[in-house]
Amino acid sequence: MKRCILLFFIFICAFSQAQDISKQRQLEAKRTQQSPKIDGILDDECWNNVPIATDFIQIRPNPGKIETHDRRTEMKVLYDDVAIYVYARMYDHPDSVSHELVSRDNIGNADFISIIVDPFYDKMNGNGFFVTAAGVQFDAKYSQVGDEDANWNAVWESAVKIDDKGWTCEMKIPYSALRFSSKDVQNWGLNFSRRMQRKNLQTFWNFVDPKVNGFINQEGLWMGIKDVKPPLRLSFSPYISAYVNHYPVNLPGVKNTTARFNGGMDVKYGINNSFTLDMTLVPDFGQVQSDNRILNLTPFEVKFNENRQFFTEGTELFNKGDLFYSKRIGSIPSYYNYSGVGSSDKIVKDQTEAKVLNATKISGRTAKGLGIGIFNAITNSMETEVEDAQGNLRMVETQPLTNYNILVFDQSLKNNSSATFINTNVLRQGSAYDANVSALLFNLNNKGNKYFVNGGGKMSYLRGEESSTGYSYTLRFGKQSGNFTWSYNQVYADDKFDPSDMGFFTNNNFLDQRIGIGYNIYKPSKWYNQFESWLNLNYSRRAIPSAYQKIGTNAGYWVQFKNQWSAELDLSWDRESNDFYEARNGQLYRAPENYGISLYINPNRAKAYNFGGNVRYFEQHLFGGKQYNFYLFQNLRLNDKIAFGLDLNFNPNYDYVNWVTAQGDQAIFSKYDRRTVENSFDAKYTFTNLMGLTVVLRHYWSDRRNKEFYLLQPDGHLTDYQGPTLTGMDRNYNVFNIDLIYTWQFAPGSTLSVSYKDAAETYDTFYTQRYNKNLSGILNAPQNNSLSVKVLYYVDYLDLKKKRKKG
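Values in this document were obtained by computation on a predicted structure and should not be read as measured data.

Conventions used here
- Residues numbered from 1 in each chain as written.
- Predicted model: local features only at pLDDT ≥ 70, side-chain atom pairs only at ≥ 80, totals over all residues.
- Heavy atoms only, no water.
- Phe/Tyr/Trp six-rings, centres within 6.5 Å; stacked < 30°, edge-to-face > 60°.
- Helix = DSSP H or I, 4+ residues; strand = E, 2+ residues; numbered from the N terminus.
- Lys NZ or Arg CZ within 6 Å of the ring centre and 35° of its normal.
- Patch = residues over 30% accessible without salt bridge, like charges linked within 9 Å, V, L, I, M, F, W, Y side chains within 5 Å.
- Areas by Shrake-Rupley, 256 points an atom, 1.4 Å probe, with all protein chains shown as cover.
- Salt bridge = Lys/Arg side-chain N within 4 Å of Asp/Glu carboxyl O.
- Buried < 20%, exposed > 50% of the residue type's maximum accessible area, 1.4 Å probe, protein only.
- Core = buried A, V, L, I, M, F, W, Y, C linked by side-chain atoms within 4.5 Å.
- Contact = heavy atoms within 4.5 Å.
- Pairing = 2+ DSSP bridges.
- Axes fitted to C-alpha atoms, helices over the stretch in contact; angles between N-to-C directions.

Engineer: Report on the packing of aromatic side chains, specifying residues and quantitative values.
Structural biologist: Each aromatic ring pair is described using two quantities: the centre-to-centre distance and the angle formed by the ring planes. If you walk through the whole model with that rule in mind, you get 48 aromatic pairs. Ring plane angle 35° and centroid distance 6.2 Å describe the contact between Trp527 and Phe561, whose orientation is recorded as tilted. Of the two residues, Trp527 sits in the loop between β28 (510–521) and β29 (528–542) while Phe561 sits in strand β30 (residues 547–561), which places them 34 residues apart along the sequence. Lying across the ring of Phe310, Lys361 places its NZ or CZ 4.3 Å from the centre.

Listed below in C-alpha cells is the structure:
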C-alpha cells in the first residue's frame, strides 16, 4: 500500500512539473535608482531583493527537463531611465566552464548566457544579447518566423568572471540599442538561455518546445515596466581607409602598383520609437572575405554568400518573397554591355564590380504591427579598359549608373501570421532597360501554430526596347509542429517572369510540386539524443508549352548520439528527365536517370581536436557516369586563444555527360572526366575578446578532360559527333586566395582593421592532372596583392551631448 501511495505521489509530481513547464513564466520588473558597475562581480547593493529567474528548462538534449540544483542558473533584471541591467550567476565547476576566445559575434567552444527581449510583446520580433564565458559578445535580431539575423549589431556593455561557484556575467543594454513604445506601463516579452558547451546542453527560462514551430512566440513575460521613454537614437560611424594594390599588368602606361584613400560614414537615426534609418555614404567593402569561386559547368549562375555587413544586417523585411539578392548591388550586377568592345580589342582591365556610392534603409514596425521597409542604393557606372589593334587604350562603359529600390509593407496578424506587399525596382541611366517586380504574400497559422498555409503572387515587368511582363505564384500548406510534419508546395512561373535584376533566379517557365513528410523524435533514448527523418517527392513540368520535366524523390535520416557525434544519411533518385536548359539554346535534352547516396559524420566539437566529413556517390544510369565526393575537415584548438582548421575536398567525376559547346544552332555534348580538389586552411589568434587575428587560405582546382563528343538530336537524345575536330574544349581552372585580417575594437562600436589579400586565378585549356603542378602553377601566376588599413569610430549623439554638458 505504501509503495502504491509513493508511486502515485511521484506520478502526481511528474504530471505537475509537465504542466508547469508549459505555462508562461513571468518576472516582475524592478526599477533601480543606482546602476550597477558592469564588472561581472555581483556585489552591487542594487541587486538585493530583485526577483530571480531560475529553474531553467532544457531544449536539448532532453527537452522539458529542469536544470539540476548544482548546475542551476540565476538571472535578475533591473531598469532605469537609460538602460536595462542583467545579473547572471551560472553555477558549475570552474574547471568545466568552456571559454574559448573568438572574435565578436562568434561563440566558438564556449558556454554562454543570453537575454532575449521582445519590447513590443508581439511574439514575432525580438533582440538577443549573448555573452560567452570568455566575455565575447554576440547579438542578433529575431523575426516572426524564428529566423536569427546574426548580422545585426548593437553597442552595449558586458563583463564576466569565473569563480569557485562557476561563472558570472553582468550586462548593460542601453535603450538606444532597442525599439519600444512610449507607454507609461509596458510589458515586454522575455526569455533567457544558457549553454553548457561540454555537454551540448542548452536551457531556457521559459520553455521552448522543439516540437512547436517558432521561437519568439514561446517567450516569458517581463511585467510592469514604468515610465521609460525611448531616447533619441542617433549615431555616426565615420571611417577612413587606405589601400595599396599591386598586380603585374606590365603594360606601358599602366601602373602595376596603385594606392587610394577612402572616407565615408555610416549613420543610424531613430526616426521615432519604431523606425530606424540606416545610411552608408561612400562605403568601403574592400576588406570583406573573398568569394569562393568555382568552375561552373551548369547553365545557371552560382549564388555566393553576402559578406558586406550593411546588406546583411536588419534585412529581414527586404528578404520577403526571395526577391532581393544583395550581391546584385555593386558586387555581381545582372547587366553588362560589351557592345563597345570590338572583336580585335584586347581587354586590359575589366571592372566587374560597380562602386556603391550610397545606400539607405528605413525599417520598423508600428504599434499595430505594420512593418515598413524602404531601401535605396546607387552604384556608379562600370568601365572596362581595352587596347585596340594599334595599341591605343580607351575606356568602355559596361554598366551605367544604376539605382536600386525596395518598398515593403508587412502587416502582422494573429498567430504569427502576416500579409506582405513588396516591390523591387531597378533604374538604369541611358538606354539600358529598367526592371520592376511586385509581390503579394501571405503566411497564415492556426491558433496553436500547428498548421499553416502560405504563398503569394508575383509580377515582373522589364521596360526597354522590348518590354515584357511575367507572372509567378507559390502555394504551400501543411503541418509544421509536432513529431510528425507534412507539407505540400506548388510553385509556378511563366516564360516571361524574371526577377533576376535585383534577385537571384535561375530559370522560369515551370510548374513545380513537392510533397514532403517528416518524423522527428526529440526525447532522448538509451543510445541517441535526437532523431530526424524526412521523405520528399518532387514533380516538375514546363509551363509553356506544357511538358514533363522531372520527377524524383529524396529521403534522409539524421541522428545525434549520446556522445554528441551525429550522422546523416541521404538517398535520392530522379528518373529520366526532359532538360530544356542544359543545351543553352532551348533544345530538349533527355537527361538520364540518376541516383545518389550520401553519408555525413559530424563530431563532438567541444573536443580540442575533432574531425568529420562526408562521402557521397552519384551515378548517371544511361552513360555510366559516376561522381564521388570525399570531404574531411579537422579542427585543432591548442588553447583558448589559438585554433586551426583544415578542410580537404576531393570530387572526381568519371564518364559524366553534359553540354560543352555549340556549332551554330547545334548543341555539342561530351563525355568527360573531371577532378576537383578544394583545400582551405584557417587559423585564428585571439589576443583578447576585443582583438584578434584571422587568416584563411584557399586553393581550388577543377578541370574537364573530354573523352567523346556527341551531337544533340531534335528528339533530345545524343548521337556520336561526326563533325570537324574539336580542340580547346578541355578546361583547367585554379583559384588561390589569402585573406588575413587583424581587428581591434579599441572603443565601443569602434574598430581598427588591417587586411592583407592575395588573389590569383588561371583559366586554361587542359594543363596537367597532377595536383602539385596545378598548385605550383597558380602560385607562380600573377598575384593581385592588396594591403589596407581602416579605422571606424562610433559616436553616440547622447554621449556627445553629455560630454558637452560636462564641459
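Once the structure has been displayed, the description carries forward.
Engineer: Describe the environment of Leu323, and please don't skip the residues or the numbers.
Structural biologist: Structurally, the position occupied by Leu323 is in the loop between β16 (275–281) and β17 (346–350). Counting along the chain gives 226 residues from Leu323 to Gln549, while the straight-line C-alpha distance between them is 25 Å.

Engineer: Describe in detail a nonpolar patch on the surface, supporting the description with residues and values.
Structural biologist: Side chains of Leu413, Phe442, Leu444, Tyr451, Tyr473, Leu475, Phe477, Phe484, Trp486, Ile517, Tyr519 and Leu535 sit close together on the surface and give an oily, nonpolar patch of about 980 Å² of accessible area. Put simply, the parts of the chain that give the nonpolar patch at least two residues each are β24 (434–445), β26 (468–479), β27 (484–493) and β28. In this structure, Leu535 sits in strand β29. Taking relative accessible area as the criterion, Leu535 reaches 40% and is therefore assigned partly exposed.

Engineer: Could you give me a rundown of the pattern of salt bridges, with the residues and numbers involved?
Structural biologist: Side chains carrying opposite charge are able to pair once their charged atoms draw close together. In the structure shown here, the tally under the stated rule is 31 salt bridges. Residue Lys268 is joined to Asp278 by a salt bridge in which the shortest nitrogen-to-oxygen separation is 2.3 Å. Remark: Asp278 occurs in strand β16 and Lys268 occurs in strand β15 (residues 257–270); sequence separation between them is 10 residues. Of the charged contacts in the structure, one is a salt bridge between Asp345 and Arg394, with a shortest N-O distance of 2.6 Å. Placement of Asp345 in the loop between β16 and β17 and of Arg394 in strand β21 (residues 393–399) is noted, with a sequence separation of 49 residues between them. Note on Asp345: relative accessible area 17%, which makes it buried.

Engineer: Residue-level account of the nonpolar core, with values.
Structural biologist: Counting residues in each nonpolar core, the largest one holds 37 residues, and the members touching the most others are Ile115, Phe129, Phe192 and Trp222. Going through the elements one at a time, β3 (73–79), β4 (83–91), β5 (112–118), β6 (126–132), β10 (166–174), β11 (185–196) and β13 (220–226) are the ones with two or more residues in this core. Once residues within four sequence positions are removed from consideration, Trp222 is found in contact with Leu27, Glu28, Ala29, Val77, Leu78, Tyr79, Ile84, Gln186, Asn187, Trp188 and Leu190. With 22 residues, the next largest nonpolar core counts Phe310, Ala359, Ile406 and Leu462 among its residues.

Engineer: Quick rundown of the pairing of β3? Include the residues and the values.
Structural biologist: Most of β3 is tucked away, with seven of its seven residues classed as buried. Where burial is concerned, the two faces of β3 agree: the one with Thr73, Met75, Val77 and Tyr79 and the one with Glu74, Lys76 and Leu78 are both buried. As judged from the seven bridges shared by β3 and β4, these two strands associate in the antiparallel manner. Opposite Thr73, over in β4, you have Met90 as the bridge partner.

Engineer: How would you explain the sheet that holds β10 if you had to name every residue and give the values?
Structural biologist: In spatial order, the strands read β3-β4-β10-β9; together these four strands make up an open sheet with antiparallel pairing. Strand pairing shows two members of the sheet lacking a second neighbour, β3 and β9 (157–163), which therefore form its edges. The mean angle between the axes of side-by-side strands here comes to 10°, regardless of whether they run parallel or antiparallel. When β4 meets β10, the two strands line up antiparallel, connected through nine bridges. In the strand pairing of β10, Ile84 is matched with Ile173.

Engineer: Break down unusual backbone geometry for me, citing the residues and quoting the values.
Structural biologist: In this structure, the amide linkage connecting Arg60 to the following residue, Pro61, adopts the cis form with an omega of 5°. Considering the arrangement of structural elements, one finds Pro61 in the loop between β2 (57–60) and β3. Residue Pro545 is bonded to the preceding Ile544 through a cis peptide linkage, with omega at -15°. A positive phi angle, near 50°, is found at Asn200, a position not held by glycine. Of note, Asn200 is situated in the loop between β11 and β12 (201–204).

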